[in-house]
Amino acid sequence: MTNLSELTTLRVGGPARSISVATDRGQLIELATKDQEALILAGGSNVVVSDSGFNAQVILVRTSGVEEVSAPGAQQVRVKVAAGVDWSHLVDLTVDKGLSGLEFLAGIPGSVGATPIQNVGAYGSEMSDVLVDSEVLDRSSGEILNWTKTNWQFGYRTSRLKVSTQSHAVLSVTFQLTQSKESLPVTYPALAEHLGVRSGETVPLPAARDGVLELRRSRGMVLDENDHDTWSVGSFFVNPVISQAAAADLPTLAPRWPTSSGEVKTSAAW
């Protein structure tokens, strides 16, 4: 019997009643609709499981596939990725292919299918910046829905599925990336300082990815099988988002970043 501690990044959790593995899209659809009480688990990075285990079925998402779906040679390239693809693997793959857009999200644990649910983000970049389409399974009806950015209702580290009580499963995510050897503009102060550039400048894609990983490793935030201090769920702090009036009352040195909603994000850590 497999303990779920072997399948979660926190390395905690007792046995499941049963475990099924979905290695392709069809299997995932069949398993997720057949047993709507089953827990869908992929990278296991956002899950805390009791030592007593989980008295129901667990569906392990191990689907694979990364496909360029836009015309070759176009500056804007759309990449369709199966939900079970490891997120770090995807970031490395896009950097190696010279596709800019994901480089600041290196080192985040988990799978591609989970990333839009909490709109993962780091170092001035987030999932909602690059997601253009996705396939979402309604587990109760069996219908496959095409969700664009609007359907997801993204917010700061949240989305429609994070707060929904309905049962869905992400099958694939399509990203729009840019054919470029250079990164997105570096706007996050700590990363700009680490890379030795001014805010708004770009760096080669590998340098951006490596700089992010170096910063994350310095804080124990990159999973390492041999280092128990890195066995975590990554960073789960949410920075406060406040009104411009409240931001005006912050101390002068307090970090602050404008948001698309017109509010201001500041730093929980600061």
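Residues numbered from 1 in each chain as written. Predicted model: local features only at pLDDT ≥ 70, side-chain atom pairs only at ≥ 80, totals over all residues. Heavy atoms only, no water.

Novice: I keep staring at the overall build of the chain and nothing clicks. Help me out?
Specialist: In terms of helices and strands, the chain carries seven helices and 14 strands. In terms of C-alpha radius of gyration, the chain reaches 19 Å, essentially the compact-globule figure of 18 Å for 270 residues. When the backbone C-alpha atoms are referred to their principal axes, the chain occupies close to 55 × 45 × 40 Å. Counting across all 270 residues of the chain, residues that qualify as buried make up 45%. Surface summary for the chain: the accessible area is close to 13700 Å², and the carbon and sulfur share equals 50%. Put simply, the chain has 21 plus and 29 minus side-chain charges, and the middle of one group is 3 Å from the middle of the other. (Helix = DSSP H or I, 4+ residues; strand = E, 2+ residues; numbered from the N terminus. Rg over C-alpha atoms; globule rule 2.2 N^0.38 Å. Buried < 20%, exposed > 50% of the residue type's maximum accessible area, 1.4 Å probe, protein only. Areas by Shrake-Rupley, 256 points an atom, 1.4 Å probe, with all protein chains shown as cover. Lys, Arg positive; Asp, Glu negative; His and termini not counted. Charge placed at Lys NZ, Arg CZ, Asp CG, Glu CD.)

Novice: Please explain the nonpolar core as it appears in this structure.
Specialist: Side chains of a nonpolar character, in soluble globular proteins, are inclined to be buried together. Grouped together as the largest cluster of nonpolar side chains are 43 residues, with contacts concentrated most on W87, L90, L102, V112, W152 and F175. When residues of this core are traced back to their parent elements, those giving at least two are β5 (76–82), α2 (87–96), β9 (131–138), β11 (168–179), α5 (189–195) and α6 (205–218). Apart from the residues lying within four places of it in its own chain, the contact partners of W87 are L102, L105, I108, G110, S111, V112, T115, M127 and F175. Formed by 13 residues, the second largest nonpolar core is a distinct cluster that contains A38, I59, V61 and L171. (Core = buried A, V, L, I, M, F, W, Y, C linked by side-chain atoms within 4.5 Å. Contact = heavy atoms within 4.5 Å.)

Novice: Can you help me understand unusual backbone geometry in this one?
Specialist: Positive phi, normally seen in glycine, also occurs at N119, with a value near 45°. Tracing the backbone shows N119 in the loop between β6 (99–100) and β7 (121–122). Residue classification places N119 among the buried residues on the basis of a relative accessible area of 1%. Unusually for a residue other than glycine, R157 sits at a positive phi of about 55°.

Novice: Got a minute to help me understand the sheet that holds strand β12 (residues 241–242) in this structure?
Specialist: Taken together, three strands build an open sheet; the order of strands is β12-β14-β13 and the sheet is antiparallel. The open sheet has two edge strands with one neighbour each: β12 and β13 (256–258). Where β12 meets strand β14 (residues 264–266), two bridges bridge the pair, whose relative direction is antiparallel. The residue of β14 that forms the bridge with I242 is V264. (Pairing = 2+ DSSP bridges.)

Novice: Help me understand the side chain of S159 in this model?
Specialist: In this structure, S159 sits in the loop between α3 (149–152) and α4 (160–163). Among the polar contacts made by the side chain of S159, one reaches the main-chain carbonyl oxygen of I117 at a distance of 2.5 Å. In contact with S159, other than residues within four places in its own chain, are P116, I117, Q118, W152, Q153 and F154. (Polar contact = N/O pair within 3.5 Å; in protein donor to acceptor, adjacent residues only side chain to side chain.)

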